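# Geometric and topological summary
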Amino acid sequence: MRLIRRWLAAGVLEDGKWTRSGTGTEQGGSISPLLANVYLHYVFDVWTQRWRKTEAQGEVIIVRYLDDFIVGFEHRLDAERFLEALREQLGQHGLQVHPDKTRLLEFGRHAAQNRRGRGQGKPETFQFLGFVHRCGRTRRTGGFTVGRHTVGDRWRAKLQEVKAELRRRLHNPIPEVGQWLGAVVRGHCQYYGIAGNAWAIRRFRDEVTRLWHRALGRRSQKGQVTWARMKRLIARFIPPAKIVHPSTSLLFAVMTQGKNPVRCALGKLVLACR
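Keep in mind it's a predicted model, so treat the numbers as computed, not measured. (Residues numbered from 1 in each chain as written. Predicted model: local features only at pLDDT ≥ 70, side-chain atom pairs only at ≥ 80, totals over all residues. Heavy atoms only, no water.)

All right, on to the sheet that holds strand β7 (residues 131-137) then. An order of β6-β7-β8 is seen for the three strands of this open sheet, with the pairing classed as antiparallel. Because the sheet does not close on itself, it has two edges, and the strands there are β6 (126-128) and β8 (144-150). Neighbouring strand axes in the sheet, compared pairwise and without regard to direction, differ in orientation by 40° on average. Pairing geometry for β7 and β8, over seven bridges, is antiparallel. (Pairing = 2+ DSSP bridges. Helix = DSSP H or I, 4+ residues; strand = E, 2+ residues; numbered from the N terminus. Axes fitted to C-alpha atoms, helices over the stretch in contact; angles between N-to-C directions.)

Further remarks concern empty space enclosed by the protein. Scanning the entire structure with this criterion turns up one cavity of 30 Å³ or more. The volume enclosed by the largest cavity comes to roughly 40 Å³. If you tally residues by element for the lining of the largest cavity, the top one is helix α7 (residues 198-217), at three residues. Looking at the lining of the largest cavity residue by residue, the class counts come to six nonpolar, no polar and two charged. (1 Å grid on protein atoms, 1.4 Å probe; cavity = no way out; pocket = protein on both sides within 12 Å on 5 of 7 lines; lining within 4 Å. Points joined across faces, edges and corners; volume = space filled by probe spheres on them. Nonpolar A, V, L, I, M, F, W, Y, C, P; charged D, E, K, R; others polar.)

A low pLDDT means the predicted coordinates there should not be read in detail. Across the protein chain, the average pLDDT comes to 82, with 85% of residues at 70 or higher. Averaged over each element, pLDDT in the protein chain is lowest for strand β9 (residues 267-272) (40) and highest for helix α6 (residues 174-192) (94). This stretch, residues 254-274, has a pLDDT under 50; its non-local contacts, to residues over four places away or in other chains, come to 86 contacts. (pLDDT = per-residue confidence, 0-100. Contact = heavy atoms within 4.5 Å.)

Next up on the list: α6. Its 19 residues place the ends of α6 27 Å apart at the C-alpha level, agreeing with the 27 Å of an ideal helix rising 1.5 Å per residue. Taken together, the buried positions of α6 are occupied by I174, V177, G178, W180, L181, G182, V184, V185, H188, C189 and Y192. Buried-residue contacts for α6 involve β7, β8, α5 (152-168), α7 and α8 (227-237). (Expected span 1.5 Å × (residues − 1). Buried < 20%, exposed > 50% of the residue type's maximum accessible area, 1.4 Å probe, protein only.)

Listed below in structure tokens is the structure:
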């Protein structure tokens, strides 16, 4: 507890400038995610496990990462009752669900058919951990699958960071810049390289190489670098965009209180608290 108090009062060092801490934890502070996990374990995790065992009528799936979480329900009534109970539970501990990020939506293998029967459009999508999740179909069998692709805002923001860094490294040696760009593309694929997202990671790689080509053209007044040379640089330093993670069924297998994994929930409640 003594170390935590000192950590909370240590302030934040950003861009060489120290800022004094105020109330609570600073945004981006190292202690913030640690304390969020400890606090939400008791406020959310333990309470939710008890609620789904004693109150839920159907299957319940819970996925939480720090203060962002998704709760999937088999029955809509369970989702509505859970949301009401969750607001009360968080309110008792000085927390609340984010008003702009909290919504109840129909999602799963029967969502599209149910919405067509009611004369509604396609099932809604939701964002979680940098991915847009949507109801999709497999190419081989036409069965239900969860389609996921990179959130556009994340994709564009990262390209803006690369562009600014290329401007800063404009006159650095080409091998040094190439190795850095290779690490950027490799790291992007390590996170976003999931099944169904191949187009997005390939386009990210193409945009990175395009930005590099433009930056190299500004290094001198002799004109643009030829694409013949650019292709050699790309082949040498920029790794290909590859899917590095296993399929959805293996990556997101979630166990509930039963013995069998839940393959699909009829509804999902997407929540986030701050």
